[in-house]
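This is what each chain is made of:
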Amino acid sequence: MNLVVVSNRVSRASANEPMTGGLAAALLPVVEKSGAIWVGSSGRVRDGAQKEPFAEIEALGTGALAMLDLPAAHYGGYYEGFANSALWPALHSRTDLIRTSQDDYQSYREVNSFMARALLRFRKPEAVFWIQDYHFLALGAEMRDLGVTHPIGFFLHTPWPTRAIIGGVPHHRELVEAMLAYNLIGFQTDDDRDNFLSYIKFDLGLDIADGVVASRFGTSRCAVFPIGIDPAKFAAHAAKAASHPDVSRLRRSLHGEKLAIGVDRVDYSKGLVNRIEAFDRILTLQPQLNRAVSLLQIATLSRGTIEAYGDLQNQLAKLVSDVNGRHGEVDWTPIRYLNKGYSQTVLAGLYRTAQVGLVTPLHDGMNLVAKEYVAAQNPVDPGVLVLSKFAGAANELDTALLVNPHDIDGMARTIATAFSMPLVERRMRWEAMMAKLRAGTIQDWFTDFVDALQDAHAASEKAAGQKVPAELPAVWPVRSFSSIGGTRLH
Ligand code: F6P
């Protein structure tokens, strides 16, 4: 088997460099070990006049990383436009934030089609394609239209909302129909899969048998594969990071005060405003906690050119300064608010320093920070995870303190409970969560999905009574490209 993994963002960073995005950071170690080719955006755009996609190809563990310059004329409409101003808000149940146009949709389809043509060079007889996330809902259909009959799977890292909400996305029907080109469609939770199947049944009027749907493309299986982490690796990072200057400086600065930590992209789905308001409530309702507890909120800036994100950045900066202004003292700041990223190693050390981990999104596919916080804890004195019941991770980490992020007072009370939880209870809850993390690692997720994809493809072939042609000519010949030109985006 030659596995080809495709995502918009790829990563080549080591554990010692800051990483952007849960997906890219999660995929890197497993892709490295699997020998797969990982294809994604180079972070540069290029005039679409070129005859073939321009790619940098470099070694990645036992496999390779192929980074494409996406077409300059369509990148904005694809990424900021349709992917992040139509799909992202809808997938997180914020249809009120949809701002998109027909041109954006056109660009989204153009980039999906461009990626499909680029992937033809990797179409070996044994190739298996695994497409990641909402940037490429239509990529499988574009590939099928180019004659690709290989296994093609898709995994959605975000939630999939109810029928009514997905109906708010322009061209929703066309997109969902296109998704049926995938042999296997993976979701983070049962709710996500059930919402998708309910759309298939009631909006497309298709029959479903055991999660399998038949369409003009063949059969597609819809199933749940909760993404995991490598808990042993994270624990090792946490132990190693204890002596890192950032971590020891943080410890020294606390003077016995207890710390809560939050690590998020600045995104309206993450519930940051509600979290800061809850922290404000704790300090107001329980003034004895002033100087006894504080919050470290790492908030990496994201998608800043989109209005909703720019507005949120301003709102959070004002809110934090307001809370600090009201509760702070000459020698004490309740909230440390940092707009920069840290490496996985340093993050693991920061998580272990904090007695409470706050992961309180309004909606989240999984949220790997929740899992990482747990894995980084000291087994003899673990911290407490306060987790939104609307994060996918809450299905597995059900011995965390689960909260409703819309209930600010309730969240404030729960955070205060977390700070004062006795050791015996902390250990019991933590051990139960660790058992779940060990039972579903990122490696398990990866192999389970790829195995299920091959089975789903075989089932589709059987149903259609077709055979995969032995070898198909690539539209563009495989050759090496040097890294020159292009306009850098980030
Ligand atoms: O679906 C989740 C995800 O892919 C995360 O991995 C990441 O945080 C985000 O969406 C994508 O972020 P970006 O737009 O920065 O690539």
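Reading the values: rules and limits
- The written sequence of each chain sets the order in which its residues are numbered from 1.
- Confidence filtering applies because this is a predicted model: local features only for residues at pLDDT of at least 70, side-chain atom pairs given and counted only at 80 or more, and all residues used for totals across whole chains, interfaces and linings.
- Here the side-chain values reflect all heavy atoms present in the structure, with hydrogen atoms and water set aside.
- Runs of E in the DSSP output that reach at least two residues are strands. Runs of H or I that reach at least four are helices, and both are numbered from the N terminus.
- C-alpha atoms define the radius of gyration, and 2.2 Å times the number of residues to the power 0.38 defines the globule rule.
- Buried means the residue's accessible area, taken with a 1.4 Å probe over protein chains only, is under 20% of the maximum for its type, while exposed means over 50%, and partly exposed covers the values in between.
- Contacts are assigned to residue pairs that have any heavy atoms within 4.5 Å of one another.
- The Shrake-Rupley method, run with a 1.4 Å probe sphere, supplies the accessible areas, and residue values consider only the shown protein chains as cover.
- Residues counted as positive are Lys and Arg, residues counted as negative are Asp and Glu, and His and the chain ends are not counted.
- By convention, charge coordinates are those of NZ in Lys, CZ in Arg, CG in Asp, or CD in Glu.
- Inter-axis angles, ranging from 0 to 180 degrees, are taken between N-to-C directions of lines fitted to C-alpha atoms, where helices are fitted over the stretch in contact.
- In what follows, roughly perpendicular refers to angles from 65 to 115 degrees, roughly parallel to angles under 35, roughly antiparallel to angles over 145, and oblique to any angle outside these ranges.
- Any helix carries an expected span of 1.5 Å times its number of residues minus one.
- Throughout, the arc means that of the directions going from the helix axis to the C-beta atoms.
- Here, strands pair whenever DSSP counts at least two bridges between them.
- Near is defined per residue: the residue qualifies when any heavy atom it owns lies within 4 Å of the molecule or strand.
- Under the rule applied, a polar contact is a pair of N or O atoms within 3.5 Å (in protein, one hydrogen donor and one hydrogen acceptor; residues adjacent in sequence only if both atoms are side-chain atoms).
- The nonpolar class holds Ala, Val, Leu, Ile, Met, Phe, Trp, Tyr, Cys and Pro. Asp, Glu, Lys and Arg form the charged class, and all remaining residues, Gly among them, are polar.
- In these notes, a set of buried Ala, Val, Leu, Ile, Met, Phe, Trp, Tyr and Cys residues joined through side-chain atoms within 4.5 Å is what counts as a nonpolar core.

With that settled, consider the overall build of the protein chain. Within the protein chain one finds 16 helices and 17 strands. Expected size for 490 residues packed as a compact globule is a radius of gyration near 23 Å; at 23 Å, the protein chain falls within 12% of this value. In terms of overall dimensions, the protein chain has C-alpha extents of about 70 × 50 × 40 Å along its principal axes. Expressed as a percentage of the 490 residues in the protein chain, the buried residues total 57%. In the protein chain, 78% of the contacts between residues at least 6 apart in sequence involve partners at least 24 apart. When the accessible surface of the protein chain is totalled, it reaches about 19,600 Å², and 51% of it is carbon and sulfur. If you average the places of the 49 positive and of the 52 negative side-chain charges in the protein chain, the two averages end up 4 Å apart.

Of note, Ala452 is situated in helix α16 (residues 442-464). For Ala452, a relative accessible area of 10% puts it in the buried group. Through-space distance from the C-alpha of Ala452 to that of Gln102 is 36 Å; in sequence the pair is 350 residues apart. Once residues lying within four places of it in the same chain are set aside, the contact partners of Ala452 are Leu184, Arg221 and Phe225.

Moving on: helix α13 (residues 368-375). By the criterion of burial, α13 is predominantly enclosed, with eight of the eight residues buried. Here α13 has its buried residues at Leu368, Val369, Ala370, Lys371, Glu372, Tyr373, Val374 and Ala375.

A few words now on the packing of helix α8 (residues 231-241) against helix α12 (residues 344-353). With their axes 7 Å apart at the nearest point, α8 and α12 run at an angle of 80° to one another. Judged by the inter-axis angle, α8 sits roughly perpendicular to α12. When α8 is examined against α12, the residues Lys233, Phe234, Ala235, His237, Ala238, Ala239 and Ala241 are found in contact with a partner set consisting of Gln344, Thr345, Ala348, Gly349, Tyr351 and Arg352.

Spanning 13 residues, helix α7 (residues 190-202) covers 18 Å between terminal C-alpha atoms, matching the ideal 18 Å at 1.5 Å per step. Listing the buried residues of α7 in full gives Asp192, Phe196, Leu197, Tyr199 and Ile200. Looking straight down α7, one finds its buried side chains confined to an arc of 155°; they lie on one side. Set apart from the buried face of α7 by more than 90 degrees, the exposed residues are Asp191 and Phe202. On the buried face of α7, the contacting elements are α5 (163-166), α6 (172-179), β7 (184-187), β8 (208-209), β9 (212-215) and β10 (218-224).

Next up on the list: the pairing of β9. On a regular strand, one side chain projects to one face of the sheet and the next to the other, so that they alternate. Two elements, β8 and β9, share two bridges in a ladder whose sense is antiparallel. Within β9, the position partnered with Ala209 by the bridge is Val212. In sequence, β8 turns back onto β9 through a hairpin of two residues, with Asp210 there showing a positive phi of about 55°. When β9 meets β10, the two strands line up antiparallel, connected through four bridges. Bridge assignment links Val212 to a residue of β10, and that residue is Arg221. Linkage of β9 to β10, two consecutive antiparallel strands, is achieved through a turn of two residues.

Time to look at the site of the ligand. Taken together, 11 residues are adjacent to the ligand, and Arg9, Leu23, Tyr79, Asp133 and Arg303 come closest. The separation between an oxygen atom of the ligand and a polar main-chain atom of Leu23 is 2.6 Å. Here an oxygen atom of the ligand sits 2.7 Å away from a polar atom, N or O, in the side chain of Asp133. Considering the ligand on its own, with 400 Å² of exposed area, one finds that the protein chains cover 89% of that surface. Elements that contribute at least two residues to the shell around the ligand include exactly α1 (22-34) and α2 (72-91). Residue classes in the shell around the ligand are distributed as three nonpolar, four polar and four charged.

Right, let's get into the nonpolar core. Core analysis: the biggest nonpolar cluster contains 103 residues, and Leu119, Phe129, Ile131 and Leu139 have the highest contact counts within it. It is α2 that contributes the most residues to this core, 10 residues altogether. With residues near it in sequence (within four places) discarded, Ile131 still touches Val6, Leu119, Phe136, Leu139, Met143, Ile152, Gly153, Phe154, Phe155 and Tyr182. Grouped together as the second largest cluster of nonpolar side chains are 69 residues, Ala238, Leu254, Ala391 and Ala400 included.

Time to look at the pairing of strand β11 (residues 258-265). For β11, the tally of buried residues reaches seven of eight residues, placing the bulk of the element in the interior. In terms of strand pairing, β11 meets strand β12 (residues 293-300) through eight bridges, oriented parallel. Directly across from Ala260, in β12, lies its bridge partner Leu295. For β11 and strand β14 (residues 356-359), the ladder comprises two bridges, and the chain directions are parallel. In the strand pairing of β14, Ile261 is matched with Gly357.

Reading across from one edge, β13-β12-β11-β14-β15-β16 is the order of the six strands in this open sheet, with parallel pairing throughout. Of all strands in the sheet, those with a lone pairing partner are β13 (335-338) and β16 (401-403), marking the two edges. Each strand of the sheet is rotated relative to its neighbour by a mean of 20°, with strand direction disregarded. Examined bridge by bridge, β12 and β13 share four bridges and lie parallel to one another. Bridge pairing in β13 links Gln297 to Tyr337. Running over the sheet, α12 touches β11 and β12 and is turned about 145° from β11.

A few words now on the side chain of Asn112. Within the secondary structure, Asn112 sits in helix α3 (residues 102-119). There is a polar contact of 3.2 Å between the side chain of Asn112 and the backbone nitrogen of Ala138. Aside from chain neighbours lying at most four places away, what touches Asn112 is Tyr78, His135, Phe136, Leu137, Ala138, Leu139 and Glu142.

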